[in-house]
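# What the coordinates show
Listed below are the residues making up each chain.
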Amino acid sequence: MLVLAQISDLHLDGTPRATERAERVMKRLNSLHTRVDALLVTGDIADHGTEDEYEEAARILKAPFPVLTCPGNHDVRAPYRKALLGDTATERPDAPVNTVHRIGGTAVLMCDSSIPGRDDGLLHAETYAWIEATLDDLGADMPALLAFHHPPVAVHHPLPDAYPLRQPQHLTALLDRRPQVKAVITGHAHSPAATVFAGRPLVVGPGVTWTLQLPWESAEVADRAADPGFAFHVLDDEGRLITHFRSVQST
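Residues numbered from 1 in each chain as written. Predicted model: local features only at pLDDT ≥ 70, side-chain atom pairs only at ≥ 80, totals over all residues. Heavy atoms only, no water.

## Things to note about the layout of surface pockets
In this structure, the largest pocket occupies an estimated 340 Å³ of space. Together, 20 residues line the largest pocket, and His11, Asp44, His74, His190 and Trp210 are the ones closest to its centre. Sorting the residues of the lining of the largest pocket by element identifies α1 (16-30) and α5 (158-161) as the ones contributing at least two each. Split by residue class, the lining of the largest pocket holds seven nonpolar, seven polar and six charged. (1 Å grid on protein atoms, 1.4 Å probe; cavity = no way out; pocket = protein on both sides within 12 Å on 5 of 7 lines; lining within 4 Å. Points joined across faces, edges and corners; volume = space filled by probe spheres on them. Helix = DSSP H or I, 4+ residues; strand = E, 2+ residues; numbered from the N terminus. Nonpolar A, V, L, I, M, F, W, Y, C, P; charged D, E, K, R; others polar.)

Below, the structure written as structure tokens:
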């Protein structure tokens, strides 16, 4: 059994509010009765994509378990690589940031769905090729999870739905070829949600910075008073993903 935590949309911007909310969630995760196997951070880690925001993120995200990240539309690849990942040797600092991690007997592919300078998303052809090659190398018997920022479906709010993952049919085709991919995990919507995509569980993690209010809840888009949230994802021995959502109150 694999137990993963997920946080998303920290939007660290140097303000005390953003810092406190991110630190509050990490304090909770670092004090769990039993450690999770890894933490997934699904994008919009920084608000403006500056090096100092990623330096703060690196400090806040320190944990006694692996912390796996991918970019969102607010992130900027070159400073993300340098200040958060410590990667200064790459010859292509603005290329998609894709990483694979073996956690127990499961592969977690953290994929870059960002489009530099835009708020909508796209898994670039280079990223699809990387996913295919990575899954080939891992072998069909190793279960895998895909994580990236932009959900490939509408969440039924005009704000996130205006900036979706483009060309989701390419992801559908990939998943149809790859039964070892057990689920897709995303962020971006600032609202915990769950559905099915291409026959797989699709889970959208809650936001740390603020919570989306759906059109039937309020005319206001952002509930900035709502507590930050996170998710626990359990991938059991039968390959079933079960997700639990939590919020973290201030003390």
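## Digging into the sheet that holds strand β13 (residues 241-247)
An order of β3-β2-β1-β12-β13 is seen for the five strands of this open sheet, with the pairing classed as mixed. Either end of the sheet is taken by a strand with one partner, and the two such strands are β3 (67-70) and β13. When strand polarity is set aside, the average angle formed by the axes of neighbouring strands in this sheet is 25°. Of the pairings in the sheet, the one linking strand β12 (residues 229-235) to β13 comprises seven bridges and is antiparallel in character. Paired with Gly229 across the strands is Ser247, a residue of β13. (Pairing = 2+ DSSP bridges. Axes fitted to C-alpha atoms, helices over the stretch in contact; angles between N-to-C directions.)

## A short note on helix α3 (residues 77-84)
Burial within α3 is extensive, with six of its eight residues counted as buried. Within the span of α3, buried status applies to Arg77, Pro79, Tyr80, Arg81, Ala83 and Leu84. On its buried face, α3 sits against α2 (51-60) and β3. Of the residues one or two after α3, Gly86 is the one with positive phi, at around 70°. (Buried < 20%, exposed > 50% of the residue type's maximum accessible area, 1.4 Å probe, protein only. Contact = heavy atoms within 4.5 Å.)

## Topic: unusual backbone geometry
At Gln167, a residue that is not glycine, the phi angle is positive and equals roughly 55°. As for its placement among the helices and strands, Gln167 is situated in the loop between α5 and α6 (168-177). Backbone geometry places His190, a non-glycine residue, at a positive phi of 60°. Locating His190 in the fold gives a position in the loop between β7 (181-186) and β8 (193-197). Judged by relative accessible area, His190 falls into the buried class, the value being 5%.

## A few points about the pairing of strand β6 (residues 144-147)
Alternating positions in β6 separate into two faces, Ala144 and Leu146 on one and Leu145 and Ala147 on the other, with burial throughout. In the sheet, strand β5 (residues 106-110) pairs with β6 via four bridges, with the strands oriented parallel. What sits directly across from Val108, in β6, is Leu145. Where the polypeptide runs from β5 across helix α4 (residues 125-138) and back to β6, its parallel neighbour, the crossover connection is right-handed. Here four bridges tie β6 to β7, and the two strands are oriented parallel to one another. From the neighbouring strand, Ala144 faces β7, where its bridge partner is Val181. (Right-handed = clockwise from strand over helix to strand, strands pointing away.)

## Section: the nonpolar core
The biggest cluster of nonpolar side chains holds 27 residues, and the ones touching the most others in it are Ile7, Leu10, Leu29 and Leu39. Of all the secondary-structure elements, those providing two or more residues to this core are β1 (2-7), α1, β2 (38-42), α2, α3 and β12. The dominant element in this core, judged by the number of residues it contributes, is α1, at five residues. Filtering out sequence-adjacent residues up to four positions away, Ile7 remains in contact with Val25, Met26, Leu29, Leu39, Leu40, Val41, Thr42, Leu61, Val208 and Phe230. (Core = buried A, V, L, I, M, F, W, Y, C linked by side-chain atoms within 4.5 Å.)

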